[in-house]
Amino acid sequence: MAEFHSDKKIAVLGAGAVGSFYGGMLAKSGFDVTLIARGKHLEALQSKGLRIESYRYGNLDLQVKADSKLKGVYDVIIVSTKSEDTAAACENIGNHLSKNGFVVSLQNGVDNTKTISQFLPIEKIIPSRIYVGLSVTAPGVVKHSAEGILGFGAADKTDKSYVDAFERILSETELEYKVEEDILQAQWKKLLWNLAFNPLSALLESTCGKLSHDEEINDLMHKIVEEGVRAARYRGVDVPESYAVSVPDRIKGLENFKTSMLQDIEKGKNPEIDGIILPVITTLKDHGQNAPYCETIYKSLKFKYGKKFIYTPKLTVDMIVENETGEILLIKRKNPPHGWALPGGFVDYGEKTEDAAVRELAEETGISVSVNNINLLGVYSDPSRDPRGHTASVVYYVKANAEAEAADDAKEASFFVKNNIPEDIAFDHRKILDDYFGKLSVRRKT
Ligand SMILES: NC(=O)C1=CN([C@@H]2O[C@H](COP(=O)(O)OP(=O)(O)OC[C@H]3O[C@@H](n4cnc5c(N)ncnc54)[C@H](OP(=O)(O)O)[C@@H]3O)[C@@H](O)[C@H]2O)C=CC1
Ligand SMILES: CC(C)(CO)C(=O)C(=O)O
């Protein structure tokens, strides 16, 4: 037992407030933890380490590993992004799990397990519900202001082996936890909290205390929760009436506390509005019903916060490589959507698109080109071009004669003659290639 933790490698994908806290507490107990973060928080973690200022555990200064992406293989990957970032963050997750590895979603919302299961068998994903109070108060610093027991359970009730493994890990830490018999019900119960308080607090720019003292607002919260309970029922989850009616009272006492949604809006960050309200609106709509309270608040938030609330497309790059005989380099994708594609991928935060294109080409095919030799073909931003969500790709082209060797997200890499490009091409890459060949023929004629 004593040596159990030393051989467990854990990564926390999306280490902000929640991920840094839980990752930090696991590292404090001796686990080999890497926090995957970005921006100034990542820089601070790498240069100064992680500081947890906890009302319960005191001030902890922890030297942690931190990186900008998953590298190598882990036994456990904890996902702690906001729900809207789950799909983009997790697309490679399957390549970074050991054979018996599993994923824990430490997130609010009720649909993250489904999102992650696009990339991984569902039995390898442990859903959770958390009531803790955490925020990143400065880069590298997390404030822990309220405890709650971390609840988790098996999405597929017939296989509890991964839940047992996670419980064993937590038993070696100071964290409080509970294995939930019915994790879906527990998640919906938490969603009802978030649904009652977060959107109204964001719309009305009010603290929890101010909301809880107003009778009209309390009445509104009951109506919002009622819509949530109806939606849960359509998803096969029964929330007891006694619990549902008690929800609006549950913020009493959190006087000056600002919900995470309000905090995000004040920081100019995209709040987790879709992840919290849409499951209710869309579930009821799918069953021919309306959710008038949730819809009104959703549309009002959209109107009020305008651009801040509109999630921007994810930025990607692609590279066309043509060799001296006029053949085009394609890679066979390891991850969905499967098929052949141009080498490319997501632009990292703080990276220029041209550097990202050169980096992705080298990572997936081993071919190195100079950024000075690449040319811009165009930007491809059709919202339906990528089945994973809206991406906008900046596409470059370059001449190169090197041998290609598949790596990273590519399982094969080959050059193809123009008339023999494979049929199963992912995304809009067929169109991109047609545009490229069209451009070449214009250039050759002139
Ligand atoms: N904070 C709390 O007390 C509680 C939070 N929760 C839930 O936990 C989840 C996480 O919340 P919280 O920690 O507060 O949110 P944060 O915004 O603090 O943390 C999420 C982090 O993920 C980062 N991120 C997103 N995508 C990527 C990526 N592809 N690679 C690397 N990093 C990425 C974000 O970076 P960036 O900032 O640059 O976007 C951010 O730092 C949410 O679902 C939330 O509702 C639940 C209960 C309590
Ligand atoms: C305020 C509270 C406790 C309930 O919605 C919360 O979980 C949040 O801020 O996200």
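An unreviewed UniProt entry lists the protein under the name 2-dehydropantoate 2-reductase, with Flexistipes sinusarabici as the source organism. Quoted verbatim from the Sequence similarities (unreviewed entry) field of the UniProt record, the comment on the protein reads "Belongs to the ketopantoate reductase family."

Chemist: Sorry if this is basic, but what is going on with the site of ligand 2 here?
Modeler: The immediate surroundings of ligand 2 are formed by Lys 190, Trp 193, Asn 194, Phe 197, Asn 198, Phe 257, Thr 259 and Ser 260. A distance of 3.4 Å separates an oxygen atom of ligand 2 from a polar atom in the side chain of Lys 190. Coverage of ligand 2 by the protein amounts to 91% of the 280 Å² it exposes when considered alone. Tallying contributions element by element places helix H6 (residues 183–204) first for the shell around ligand 2, with 5 residues. Within the shell around ligand 2, the residues separate by chemical class into 3 nonpolar, 4 polar and 1 charged.

Chemist: Sorry, what's going on with unusual backbone geometry here?
Modeler: For residues besides glycine, phi is generally negative; the peptide bonds are generally trans as well. In the Ramachandran plot, Glu 205 falls in the positive-phi region, its phi being about 45° despite a non-glycine side chain. Assignment of secondary structure puts Glu 205 in the loop between H6 and helix H7 (208–212). Here the phi dihedral of Phe 427 falls at roughly 55°; this positive angle occurs in a residue that is not glycine. Within the secondary structure, Phe 427 sits in the loop between strand S19 (410–416) and helix H14 (429–445).

Chemist: Looking at this structure, how should I read the pattern of salt bridges?
Modeler: Close approach of charged atoms allows side chains of opposite charge to pair. Applying the stated criterion to the full structure yields 28 salt bridges. Between Arg 359 and Asp 348 there is a salt bridge whose closest N-O contact spans 3.8 Å. Taken together, the residues span a long stretch of sequence, with Arg 359 in helix H13 (residues 353–365) and Asp 348 in the loop between strand S16 (344–346) and H13 at a distance of 11 residues. Residue class for Asp 348 comes out partly exposed when judged on its relative accessible area of 25%. With a shortest N-O distance of 2.7 Å, Arg 359 and Glu 351 are connected by a salt bridge. Overall, Arg 359 belongs to the buried group, its relative accessible area being 16%. Through salt bridges with shared partners, a single ionic network connects Lys 69, Asp 348, Glu 351, Arg 359, Glu 360 and Glu 363.

Cut-off values and rules
- Residues numbered from 1 in each chain as written.
- Chains lettered and ligands numbered in written order.
- Predicted model: local features only at pLDDT ≥ 70, side-chain atom pairs only at ≥ 80, totals over all residues.
- Heavy atoms only, no water.
- UniProt positions renumbered as here; feature names shortened; annotations may be inferred.
- Near = heavy atom within 4 Å.
- Polar contact = N/O pair within 3.5 Å; in protein donor to acceptor, adjacent residues only side chain to side chain.
- Areas by Shrake-Rupley, 256 points an atom, 1.4 Å probe, with all protein chains shown as cover.
- Helix = DSSP H or I, 4+ residues; strand = E, 2+ residues; numbered from the N terminus.
- Nonpolar A, V, L, I, M, F, W, Y, C, P; charged D, E, K, R; others polar.
- Salt bridge = Lys/Arg side-chain N within 4 Å of Asp/Glu carboxyl O.
- Buried < 20%, exposed > 50% of the residue type's maximum accessible area, 1.4 Å probe, protein only.

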